[in-house]
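# Chains, contacts and geometry: an overview
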Amino acid sequence: MSCSVCLFGDSVAKGVVFDSIRKKYRVIKDCFAASIESEEHLAVTNYSKFGCTITKGRELLERHANELSSFDFVVFEFGGNDCDFDWHAIAENPEGEHLAKTPLDVFEREYREAIRFTRAHGGEPVLLTLPPIDAHRYFSWFTQGENADNILRWLGDIDRIYRWHEMYNLAVCRVAMLEHALLLDVSSRFLERSHYEELLCDDGIHPNEKGHELILDSLREAARRAPERAGRSRLKLALA
């Protein structure tokens, strides 16, 4: 059974990985979105962008407003960039006040508005939870060339990065619950692994090729478990 999806998200949804050999970011051809489409169960239109936040995502969503009703589902994957900080500014002034790119209350408000906008234009929203990050690997990554001691003084401890990221992941779950939107759980399949960091790139934040395979498996499982509601059976059959 064919099913059409449009995807709004960040570099994870785009399929960006860090190539440790070439020492640069690239888009892999077998990312989870492309793999879904290649199986011909889902036709995927991917509007995701590297570095995208929910605010930028809403701008993209509004730009494609007239298309939303033509898809069976409008899928969102946001939070990874929203929760990030200007680490250079923190290194320069560790005693100052520093806000995330998208403060948590703004993130939730913008996400809820995106869902409502989608429905107002005839789309069926679906939210994805976030793959977890490796805080220590990420800290080593973004502190290259920076005053790591200053950043650590501001953080308190490196694991705070993980906890902060998880707060945004919980916010995604909360938004889905409040807006009665379908939520597909990507996080749990990573976290059940003893060494989920093996599924991440050297930067500690982008899933690698094996990570994208697990995301695809996660979506299949989550779709099968999704509660029955008008139209959702199409997604279950498409990902079966």
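You'll find the structure just up there.
I will try to describe carefully the structure that is included in this document. Everything numeric in this text was worked out from a predicted model, so none of it was measured.

### Observations regarding the pairing of strand β6 (residues 125–128)
Of the two faces of β6, both are covered, the one formed by Pro 125 and Leu 127 as well as the one formed by Val 126 and Leu 128. Judged from the 3 bridges that link them, strand β5 (residues 73–77) and β6 form a sheet pairing that is parallel. Paired with Val 74 across the two strands is Pro 125, which belongs to β6.

### Observations concerning the packing of helix α3 (residues 54–63) against helix α5 (residues 104–120)
Orientation of α3 relative to α5, taken along the N-to-C sense of each, is 15 degrees, at an axis distance of 9 Å. Here α3 is positioned roughly parallel relative to α5, judged by the angle of their axes. Note on packing geometry: the crossing formed by α3 with α5 is left-handed. On α5, the residues that touch Ile 54, Thr 55, Arg 58, Leu 61 and Glu 62 of α3 are Phe 107, Glu 110, Tyr 111, Glu 113, Ala 114, Phe 117 and Thr 118. Residues of the contact of α3 with α5, tallied by class, amount to 6 nonpolar, 2 polar and 4 charged.

### Remarks on the pattern of salt bridges
Under the counting rule described, the total for this entry stands at 15 salt bridges. Across the pair Arg 58 and Glu 62 runs a salt bridge whose closest N-O atoms are separated by 3.2 Å. In this pair, Arg 58 and Glu 62 are both assigned in helix α3, 4 residues apart and thus about one turn of the helix distant. Here Arg 58 falls in the buried class, since its relative accessible area comes to 16%. Salt-bridge contacts for Arg 58 lead to Glu 110; the nearest nitrogen and oxygen are separated by 3.5 Å. Taken together, the residues span a long stretch of sequence, with Arg 58 in helix α3 and Glu 110 in helix α5 at a distance of 52 residues. Residue Arg 58 shares its accessibility class with Glu 110, and that shared class is buried. In the salt-bridge network here, residues are joined through shared partners; they are Asp 19, Arg 22, Arg 26 and Glu 209.

### Considerations on α5
The first and last C-alpha atoms of α5 sit 24 Å apart over 17 residues, in line with the 24 Å expected at 1.5 Å per residue. Those residues of α5 lying buried are Phe 107, Glu 108, Glu 110, Tyr 111, Ala 114, Ile 115, Phe 117 and Thr 118. Structurally, α5 contributes buried residues whose contacts are with α3, β5, β6 and α8 (160–178). A positive backbone phi angle near 85 degrees is found at Gly 122, which sits one or two residues after α5.

### A word on the layout of surface pockets
Put simply, the largest pocket is a space of about 470 Å³. As for the largest pocket, its lining consists of 25 residues, and the residues nearest its centre are Gly 80, Asn 81, Asp 84, Tyr 138 and Ile 205. Every element with two or more residues in the lining of the largest pocket is listed here: α1 (11–14), α6 (135–142) and α8. Its residues assigned to classes, the lining of the largest pocket comprises 15 nonpolar, 6 polar and 4 charged.

### Side note on the sheet that holds β5
In spatial order, the strands read β4-β1-β5-β6-β7; together these 5 strands make up an open sheet with parallel pairing. If you trace the sheet from one side to the other, it starts and ends with β4 (42–46) and β7 (182–184), each paired once. Sheet twist, expressed as the mean angle between neighbouring strand axes with direction ignored, is 30 degrees.

### What to know about the environment of Phe 85
Structurally, the position occupied by Phe 85 is in the loop between β5 and α4 (87–92). Taking the relative accessible area as the measure of exposure, Phe 85 reaches 9% and is therefore buried. Between the alpha carbons of Phe 85 and Lys 101 there is a distance of 5.8 Å; along the sequence they are 16 residues apart. In contact with Phe 85, not counting residues within four places along its chain, are Ile 90, His 98, Leu 99, Ala 100, Trp 154 and Trp 164.

Cut-offs applied
Residues numbered from 1 in each chain as written. Predicted model: local features only at pLDDT ≥ 70, side-chain atom pairs only at ≥ 80, totals over all residues. Heavy atoms only, no water. Buried < 20%, exposed > 50% of the residue type's maximum accessible area, 1.4 Å probe, protein only. Helix = DSSP H or I, 4+ residues; strand = E, 2+ residues; numbered from the N terminus. Pairing = 2+ DSSP bridges. Axes fitted to C-alpha atoms, helices over the stretch in contact; angles between N-to-C directions. Parallel < 35°, antiparallel > 145°, perpendicular 65-115°, else oblique. Left-handed = near helix turned anticlockwise from the far one by under 90°. Contact = heavy atoms within 4.5 Å. Nonpolar A, V, L, I, M, F, W, Y, C, P; charged D, E, K, R; others polar. Salt bridge = Lys/Arg side-chain N within 4 Å of Asp/Glu carboxyl O. Expected span 1.5 Å × (residues − 1). 1 Å grid on protein atoms, 1.4 Å probe; cavity = no way out; pocket = protein on both sides within 12 Å on 5 of 7 lines; lining within 4 Å. Points joined across faces, edges and corners; volume = space filled by probe spheres on them.

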